[in-house]
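# An overview of the molecular structure
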Amino acid sequence: MSQYCRPLPSRPDAMDLPVRFPPKSNSWRASNSTMMAAHPESDLMEECLKEDLRFYFMNPCEKYRARHQIPWKLGLQILKIVMVTTQLVLFGLNNQLVVSFKEDNTEAFKHLFLKGYSGTDEGDYSCSVYTQQDVYESIFFVINQYHRLKTISLGMVGYEKNEDDAMGLKVCKQYYKKGIVLPSNYTLNIDSEVEIDCIYLDQVPNSENSGHWMNSSFFSLEFYRLLQVEISFNLKGIDLQTIHSRELPDCYAFHNTITFNNKAHSGRIKIYFDTEANIQECKGLHISGSSQKNTQYILMFDVFVILGCFSSLILCTRSIVLALRLQKRFIRFFLEKYKRRVSDADRWEFINGWYILVIISDLMTIIGSILKMEIKAKNLTNYDLCSILLGTSTLFAWVGVIRYLGYFQAYNVLILTMQASLPKVLRFCACAGMIYLGYTFCGWIVIGPYHEKFEDLSTVAECLFSLVNGDDMFATFAQIQQKSILVWLFSRVYLYSFISLFIYMILSLFIALITDSYDTIKKYQQNGFPQTDLQEFLKECGGSKEYEKQVPTPVTFLCCCQRQESDDNLILIN
């Protein structure tokens, strides 16, 4: 069978469907007229369909030999990958500055407002206190540090002000309604309804009333019914490190919340510090230098990226639409001539999954580039969404490179193995997932109170996944608390059974499925792939015999510049 009539295992780059060329000489017209006179109209339609199908399943180099045109569409995809990657790197460097500024300010705020903060969080909370005196001192420390912020802070931060007046500090406490709690004789008489009481303090208190708020009855806390004390305040800051990158600075609004959590009433009050940093529009910026000019260059580059991706989007969409038309022609012809329907496998041969991947990548790049331009112009501040769009689109763009490597038989093994093993792997994972979920729930409910890696379901799933890969096994065994001998024994049986089952059996079977698919593909490449109806139909492709005598040429980019004498016979019938 001719190499031009056979559909490649990984679908070649078919940006265009058949383009019929005008005859190149009068002799060609004469031979074409003779052929049309000799064959009835149905035979002519069949030959035309075969030629169109053969042209559709050609790779770019084969199409070049048929049309003698440089594959500029292939060049567009390569140029787009370079542009998208460059755009991602530029945005990533800028995003790193944003993330580092937020993290540095969060760390600075913890040291400024948390009394006795060690520099390391205690789990999911920052620090904790154990006496009533420590609670009062920690609350008063926050308020005093807030009032002295301008004189003690090293950062470019200041108080937030609204249009009417300055916004100060807000202190709220939540507590149960009054009741009686006597732990000595197990007496409890309390109303579970929660009440909230708040007080507002100025940014800078008057010198006469500087310490008057400490004597307020609001700060007389009844700890037996206290749930939590929440202190919230807003600050503003300017990130000047972007100027070194020749970009305009960002202005931030920090909403800080310090929570003294006593809901457990266990003798320890956990102190949480949360900050939410939002980028705001800067007003009154006057910066001399080339920052504005550099921003304009980046915006122009983003426009070129959008244009390139939009062109790629149009070409891929057009190719899919034309491929569906060719599919309809083949289905209709096959039904009329052979009186049976085309199989689903042959139908899917016309749907190029790589084009769908490129279309998704182009759409995400266009949307992400627009968001990036708005962020660069300081109109939007959603860095996270823009990062997801640009990162995912770049991932898809680089995965699409596998399509071009698929023109080589040695590299095409990966794609064919993935296609052959995917259905079996998915069915196998569905069964193994049920066992995995069972171990997840069991470990969470039994070992959770005695092991930090089993405290919640997501952590349990991550811990078990790491055990499957052989990571951190000894630490998982050693960190189980021996407070309960029954739980300790159960944990040993639980971990040993999970590791033995998943590593020695399930993981081995998983690898065996992929290995079996790989061996099957290697045999097919040596002995030939099973022939479908579409491939059998293309065997009878007109003009295929002359190509069977040709020596296969290695598929490289330079091969597109080679011209063979037989290329003149590849003109399609109109």
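Calculation rules
- Residues numbered from 1 in each chain as written.
- Predicted model: local features only at pLDDT ≥ 70, side-chain atom pairs only at ≥ 80, totals over all residues.
- Heavy atoms only, no water.
- 1 Å grid on protein atoms, 1.4 Å probe; cavity = no way out; pocket = protein on both sides within 12 Å on 5 of 7 lines; lining within 4 Å.
- Points joined across faces, edges and corners; volume = space filled by probe spheres on them.
- Helix = DSSP H or I, 4+ residues; strand = E, 2+ residues; numbered from the N terminus.
- Axes fitted to C-alpha atoms, helices over the stretch in contact; angles between N-to-C directions.
- Parallel < 35°, antiparallel > 145°, perpendicular 65-115°, else oblique.
- Left-handed = near helix turned anticlockwise from the far one by under 90°.
- Contact = heavy atoms within 4.5 Å.
- Nonpolar A, V, L, I, M, F, W, Y, C, P; charged D, E, K, R; others polar.
- Buried < 20%, exposed > 50% of the residue type's maximum accessible area, 1.4 Å probe, protein only.
- Expected span 1.5 Å × (residues − 1).
- Bend = angle between axes of the 7 residues up to and from the residue.
- Phe/Tyr/Trp six-rings, centres within 6.5 Å; stacked < 30°, edge-to-face > 60°.
- Lys NZ or Arg CZ within 6 Å of the ring centre and 35° of its normal.
- Core = buried A, V, L, I, M, F, W, Y, C linked by side-chain atoms within 4.5 Å.
- Domains from an automatic or database assignment.
- UniProt positions renumbered as here; feature names shortened; annotations may be inferred.
- Patch = residues over 30% accessible without salt bridge, like charges linked within 9 Å, V, L, I, M, F, W, Y side chains within 5 Å.
- Areas by Shrake-Rupley, 256 points an atom, 1.4 Å probe, with all protein chains shown as cover.
- Salt bridge = Lys/Arg side-chain N within 4 Å of Asp/Glu carboxyl O.
- Pairing = 2+ DSSP bridges.
- Disulfide = S-S within 2.5 Å.

## A few points about empty space enclosed by the protein
Under the definition given, this model contains four cavities of 30 Å³ or more. Here the second largest cavity defines a volume of roughly 60 Å³. Q77, K80, I81, V358, F396, A397, G400, V401, R403 and Y404 are the residues that line the second largest cavity. Listing elements by their share of the lining of the second largest cavity, those giving two or more residues are α4 (72-113), α10 (383-399) and α11 (401-405).

## Focus on the packing of α4 against α10
The contact between α4 and α10 brings their axes to 10 Å, and the two run at 150 degrees. Looking at the two axes, α4 sits roughly antiparallel to α10. Note on packing geometry: the crossing formed by α4 with α10 is left-handed. Residues I81, V84, T85, Q87, L88, F91, N94, N95 and V98 of α4 touch α10, and the partners they reach there are Y383, C386, S387, L390, G391, T394, A397 and W398. Looking at side-chain class alone, the contact of α4 with α10 contains 10 nonpolar, seven polar and no charged residues.

## Quick notes on the environment of E281
The topology assignment puts E281 in the loop between β7 (269-280) and α7 (291-338). Given the relative accessible area of 61%, E281 is considered exposed.

## Overview of helix α15 (residues 485-527)
In this model α15 runs 62 Å from its N-terminal to its C-terminal C-alpha over 43 residues, within 8% of the 63 Å that 1.5 Å per residue would give. The largest bend along α15 reaches roughly 35 degrees and is located at F502. Among the residues trailing α15, G528 stands out with phi positive, at a value near 105 degrees.

## Structural notes on the packing of aromatic side chains
Going through the model one piece at a time under the given rule, you end up with 25 aromatic pairs. When the ring of Y136 is compared with that of F223, the centres are 5.9 Å apart and the planes differ by 85 degrees; the resulting orientation is edge-to-face. A residue pair is termed long-range when its members are at least 10 positions apart, and Y136 in helix α5 (residues 132-147) and F223 in the loop between β4 (187-201) and β5 (226-239) qualify at 87 residues. Consider the rings of Y436 and F498, whose centres lie 6.1 Å apart with planes at 55 degrees: the pair is tilted. In this pair, Y436 is assigned in helix α12 (residues 409-447) and F498 in helix α15, connecting sequence segments 62 residues apart. F498 matches Y436 in its accessibility class, with the two residues each being buried. One aromatic cluster is present, built from ring pairs that chain together F101, F109, F113, Y146, Y159, F233, Y252 and F254. We note K173 situated over the ring of F218; from NZ or CZ to the ring centre the distance is 4.8 Å.

## What to know about the nonpolar core
Within soluble globular proteins, side chains that are nonpolar generally end up buried alongside one another. One finds F113, I139, V171, I231, F233, L235 and I258 to be the most contacted residues of the largest nonpolar core, which totals 48 residues. Here this core spans two domains, and each of domain 1 (45-113 + 289-407) and domain 2 (116-287) adds at least three residues to it. Residues in contact with L235, not counting those within four places in the same chain, are F109, F113, Y146, L149, G158, Y159, E160, Y252, A253, F254 and N256. F428, Y439, V468 and F477 belong to the second-largest nonpolar core, a separate cluster that totals 20 residues.

## Re the UniProt feature "transmembrane region" (unreviewed entry) in the protein
Mapped onto this structure's residue numbering, the UniProt feature "transmembrane region" (unreviewed entry) falls at residues 297-326, 347-367, 387-405, 425-447 and 493-514. As annotated, residues 297-326 comprises 100% helix and 0% strand, and the C-alpha atoms at either end are separated by 44 Å. Summarising residues 347-367: 81% helix, 0% strand, and an end-to-end C-alpha distance of 32 Å.

## Some details on a nonpolar patch on the surface
On the surface, M434, I435, L437, F441, W444, I445 and L457 cluster together to form a nonpolar patch covering roughly 670 Å² of accessible area. At six residues, the largest contribution of residues to the nonpolar patch is made by α12. Relative to the helices and strands, L457 is located in helix α13 (residues 457-468).

## Some thoughts on the pattern of salt bridges
One pass over the full model with this rule turns up seven salt bridges. Across the pair D472 and K453 runs a salt bridge, and its minimum N-O distance is 2.2 Å. With D472 in the loop between α13 and α14 (473-478) and K453 in the loop between α12 and α13, the pair connects residues that are 19 residues apart, well separated along the chain. The exposure class of D472 is partly exposed, given its relative accessible area of 41%. Among the residues examined, K453 registers a relative accessible area of 16% and is labelled buried.

## Notes on the pairing of β7
As defined by bridge partners, strand β1 (residues 127-129) adjoins β7 across three bridges and the pair is classed as antiparallel. From the neighbouring strand, V129 faces β7, where its bridge partner is I269. Note that strand β6 (residues 250-261) and β7 share 11 bridges and pair antiparallel. Bridge pairing in β7 places T257 opposite D274.

## Things to note about the state of the cysteines
Scanning all chains against the criterion turns up one disulfide. In this model C172 forms its disulfide with C198; the gap between the sulfur atoms is 2.0 Å. Here C172 and C198 share a disulfide; its torsion about the S-S bond, 110 degrees, makes the bridge right-handed. Here the residue C172 occupies a position in strand β3 (residues 169-182), and C198 occupies one in strand β4, the gap between them amounting to 26 residues. Classification of C172 by relative accessible area gives buried; the value is 10%. Accessibility expressed as a relative area gives 30% for C198, which makes it partly exposed.

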